[in-house]
Amino acid sequence: MNSEDFMHLALAEAKKGDAPYGAVIVKDNEVVAIGHNTVKRDNDPSAHAEINVIRSLTAKLKNPSLEGYSIYTTGEPCPMCATACVWSGLSEIIYGASIQDLISVNQSQINISCEEVIAQSFTNIKVTKGVLKKECLELFK
Ligand SMILES: [Zn+2]
């Protein structure tokens, strides 16, 4: 599977969300966890797709470290989720639509890029942008 295949899985997962965001975590070219936004059904403002998928995987692994894992997410991680990526030690972030793209389709966002959060942290995470960006933005139409 390539990065577009993984993003297609995240896109399909996004359609299950209270808001149309989906995320998958991959290691060694295999999907190990998948999640979507459950803010409304869980009455939890932190239940973004990325937080949900990180929580489900660390619980399954019984380990808070996700070093060596990659997260594919339809939208650029917000500052909260980017911070969770830092704390979990994820090695790579691959996203579709950027925060700027999401703002351009009237989504509420905090206008700080995930790269800005990472740059201010103690670690480095590889960031790849714009994978299936058009499809990720079409979720909001
Ligand atoms: Zn978030």
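The sections below set out a description of the structure shown in this document. Predicted model, so just to flag it, every value in this text is computed and none were measured.

Definitions and limits used
- Along each chain, the written sequence defines residue order, and numbers are assigned to residues from 1.
- Per-residue local features are limited, in this predicted model, to residues with pLDDT of at least 70; the limit for side-chain atom pairs, both in listing and counting, is 80 or more; totals at the level of whole chains, interfaces and linings are taken over all residues.
- Working from all heavy atoms in the structure, the side-chain values ignore hydrogens and water.
- Here, a salt bridge means any Lys or Arg side-chain nitrogen found within 4 Å of an Asp or Glu carboxyl oxygen.
- Here a strand is any run of E in DSSP of at least two residues, a helix any run of H or I of at least four, and the numbering for each starts at the N terminus.
- The classification of residues rests on relative accessible area computed with a 1.4 Å probe and restricted to protein chains. Under 20% of the type maximum is buried, over 50% is exposed, and intermediate values are partly exposed.
- Any Phe, Tyr or Trp ring, taking Trp's six-membered ring, that has another such ring centre within 6.5 Å forms a pair; planes under 30 degrees apart are called stacked, those over 60 apart edge-to-face, and the others tilted.

Notes on the pattern of salt bridges
Right, so step 1: Scanning the entire structure with this criterion turns up 6 salt bridges.
Right, so step 2: Between E92 and K126 there is a salt bridge, with the nearest N and O atoms lying 3.7 Å from each other. Of the two residues, E92 sits in strand β4 (residues 92–97) while K126 sits in strand β5 (residues 126–128), which places them 34 residues apart along the sequence.
Right, so step 3: The partner of K133 in a salt bridge is D101, with the nearest N and O atoms 3.4 Å apart. Here K133, found in helix α6 (residues 133–138), pairs with D101, found in helix α4 (residues 99–104); they are 32 residues apart in sequence, far enough to count as distant.
Right, so step 4: The class for K133 is partly exposed, based on a relative accessible area of 37%.
Right, so step 5: Under the relative-accessibility criterion, D101 is labelled buried at 14%.

Some remarks on the packing of aromatic side chains
Right, so step 1: Evaluated as defined, the whole model comprises 3 aromatic pairs.
Right, so step 2: With centroids separated by 5.4 Å and ring planes inclined at 40 degrees, the aromatic side chains of W87 and F122 adopt a geometry described as tilted. With a gap of 35 residues between them, W87 in helix α3 (residues 79–88) and F122 in the loop between α5 (114–119) and β5 connect regions that are remote in the sequence.
Right, so step 3: The class for F122 is exposed, based on a relative accessible area of 59%.

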